[in-house]
Amino acid sequence: YISPNLIDQLTQTSGELKLDGEKRNISVFFADINSFTKMSEQLKVEDVFSMLNKTFSEITQIIFKHDGTLDKFIGDAVMAFFGAPMVHEDDALRSVMSAVEIIETVKNMSEEYKREYGVEVSFSIGINTGEAIVGNVGSLERMEYTAIGDTVNLAARLQAKAGRNEIVINESVYRQVKDRFNCEALPPFFVKGKEQAINAYAIKL
């Protein structure tokens, strides 16, 4: 779930790598294919899997390129985070750079998919920065290095707010990337479990 480059960095650091679970400040990233259910109904099963595998391979390389951690594939969605197990001062920026590159890459791939499968592929992406518990979760039979907590949940809600080929970020991300990207403020909105409205921004591509 981490890139070869990140593995090299980890093996060169002193001390023990903690995977048991700890609070970390991370940038959590959710990317989801738009209208996937309708799309999968139009395609042969083998074409659906071929398209997903090809797309996820490209996305994984981009996440690894920016030293992100691939958390999991959730059907037609991808969850990743930046800031664990290795921390960088610009993890929020790395997450947005990854998102922008993914959108541009998928746009280019969409032309190929139109010709090959007759469908248009687009993604919506949500990113949130904050504190989460990161570590190995699971059972003796299967463990998963993942992040849990309110920061993760809000990132998923931001993704749900994003439109086709759109990146929506929380204010915590905006403060760290506003000098690098053109951001447009969205109308404040409420999410389940939150009493205060969420201030979010769309990255203008």
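The structure displayed is predicted, hence computed values, not measured ones.

The rules behind each value
- Residues numbered from 1 in each chain as written.
- Predicted model: local features only at pLDDT ≥ 70, side-chain atom pairs only at ≥ 80, totals over all residues.
- Heavy atoms only, no water.
- Phe/Tyr/Trp six-rings, centres within 6.5 Å; stacked < 30°, edge-to-face > 60°.
- Helix = DSSP H or I, 4+ residues; strand = E, 2+ residues; numbered from the N terminus.
- Lys NZ or Arg CZ within 6 Å of the ring centre and 35° of its normal.
- Expected span 1.5 Å × (residues − 1).
- Buried < 20%, exposed > 50% of the residue type's maximum accessible area, 1.4 Å probe, protein only.
- Arc of directions from axis to C-beta.
- Salt bridge = Lys/Arg side-chain N within 4 Å of Asp/Glu carboxyl O.

(A) Broad picture of the packing of aromatic side chains. Per the counting criterion, the structure on display carries five aromatic pairs. Where Phe56 meets Phe73, the ring centres are 4.6 Å apart and the plane angle is 20°; that geometry is what we call stacked. One end of the pair, Phe56, is in helix α3 (residues 45-65); the other, Phe73, is in strand β2 (residues 69-74), and 17 residues separate them in sequence. The ring of Phe189 is capped by Lys161, whose NZ or CZ atom sits 4.7 Å from the centre of that ring.

(B) Seen up close, helix α5 (residues 150-161). For α5, built from twelve residues, the straight-helix expectation of 16 Å at 1.5 Å per residue is met to within 8% by its first-to-last C-alpha distance of 17 Å. Within the span of α5, buried status applies to Thr151, Val152, Leu154, Ala155, Leu158 and Gln159. Seen end-on, α5 carries its buried residues on one side only, within an arc spanning 165°.

(C) A look at the pattern of salt bridges. Under the counting rule described, the total for this entry stands at eleven salt bridges. Notably, a salt bridge pairs Asp90 with Arg94, separated by 2.8 Å at the nearest N-O pair. Between Lys204 and Glu184 there is a salt bridge whose closest N-O contact spans 3.2 Å. Here Glu184 lies in strand β7 (residues 183-185) and Lys204 lies in the segment after β8 (200-203), a separation of 20 residues in the sequence. For Lys204, a relative accessible area of 42% translates into the label partly exposed.

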